[in-house]
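# Remarks on the overall topology
Chain by chain, the residues:
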Amino acid sequence: MLTDAPPRKDGHLARFLESDRIRSLDLPQNGRLLTVAKSVEAAMKAGKSADVRRACADFLAATSDFYRVPPCAVRVLAARPLRVRENWATELFGDYNPETMLIRVWMRTAVRKQVTSFGTFLSTLCHEFCHHLDYQEFGFRDSWHTRGFYERSAALYHHARGTPTKRLFWVAMPGGRWRIDWPRTSRGI
Ligand SMILES: [Zn+2]
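Our subject in this report is the structure included herewith. Per chain, residues are indexed from 1 in the order of the written sequence. In view of the model being predicted, local features appear only for residues whose pLDDT reaches at least 70, and side-chain atom pairs are presented and counted only at 80 or more, with totals across whole chains, interfaces and linings using the full set of residues. As a rule here, side-chain values come from all non-hydrogen atoms in the structure, and water together with hydrogens is ignored.

## Side note on the sheet that holds strand 3 (residues 102–106)
Taking strand neighbours across the sheet as the criterion, the 3 strands line up as 1-3-2 in an open arrangement whose pairing is mixed. Among the strands making up the open sheet, the edge pair consists of strand 1 (73–77) and strand 2 (94–97). With strand direction ignored, the average angle separating the axes of adjacent strands in the sheet is 15°. Two strands pair if DSSP finds at least two bridges between them. Each helix is a run of DSSP H or I of at least 4 residues and each strand a run of E of at least 2, with the numbering of both proceeding from the N terminus. Sheet topology note: the strand 1/strand 3 ladder contains 5 bridges and is parallel. The residue bridging Leu77 from the neighbouring strand is Trp106, located in strand 3. Helix axes use the C-alpha atoms of the stretch in contact, all axes being lines fitted to C-alpha atoms, and the angles between their N-to-C directions lie in the range 0 to 180 degrees.

## Structural notes on the nonpolar core
Soluble, globular proteins show a tendency: their nonpolar side chains are buried together. By nonpolar core is meant a set of buried Ala, Val, Leu, Ile, Met, Phe, Trp, Tyr and Cys residues that side-chain atoms within 4.5 Å join together. Whether a residue is buried, partly exposed or exposed follows from its accessible area with a 1.4 Å probe, protein chains only, as a fraction of its type maximum: under 20%, in between, or over 50%, in that order. Judged by nonpolar contacts, the single largest core of 42 residues is most densely connected at Phe59, Ile103, Phe121 and Phe129. Going through the elements one at a time, helix 2 (32–46), helix 3 (49–67), strand 1, strand 3, helix 4 (118–136) and helix 5 (147–161) are the ones with two or more residues in this core. The element best represented in this core is helix 4, accounting for 8 residues. The residues touching Phe121, leaving out its near neighbours within four places in the chain, are Val40, Met44, Val52, Cys56, Val76, Val105, Trp106, Met107 and Thr116. Contact definition: two residues touch when any of their heavy atoms are within 4.5 Å.

## Notes on the pairing of strand 4 (residues 170–173)
The pairing of strand 4 with strand 5 (residues 177–180) spans 4 bridges and is antiparallel. Within strand 5, the residue paired with Ala172 across the bridge is Trp178. The turn joining strand 4 and strand 5, which pair antiparallel and follow one another in sequence, is formed by 3 residues; a positive phi near 80° is taken by Gly175.

So, in structure tokens, the structure goes:
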């Protein structure tokens, strides 16, 4: 995971830095997201895309309701479409359109047609929902992949999956970007 470079456009940098600073996210104090995430997993195992879509819609309805933002729509595709909005190359599994508030997630990778694992799929859903939150809750005019963004989406993912949140360690890269230091993040020190 690599963050976006700070924007050069006037007026965008302050919001970018704000996105970078917000490292945590309020999380529901009940098990609702865990329950709906489990139904996404069950639907993926059964392999019916209509059921997966319904379960994803339930998940996004629950998250939108909790954060009091307009609900976003979701489309579950069998394979990755040719045209993808995400400009970040490793995000192979989903995208979000802020104008239509539509999340698209796909169940197979483009090249090898491998089925996306549940963990990756849920993580993608949380990632795309956090783009929705950036516009609808935080009021950002753009939704950058900052350290804060990745930490917010990881918090949502771990909450929904029922796994402990790991502290993310970052390494500075050229051009004001950051990448996750996975060995340190795994060790936790
Ligand atoms: Zn993204």
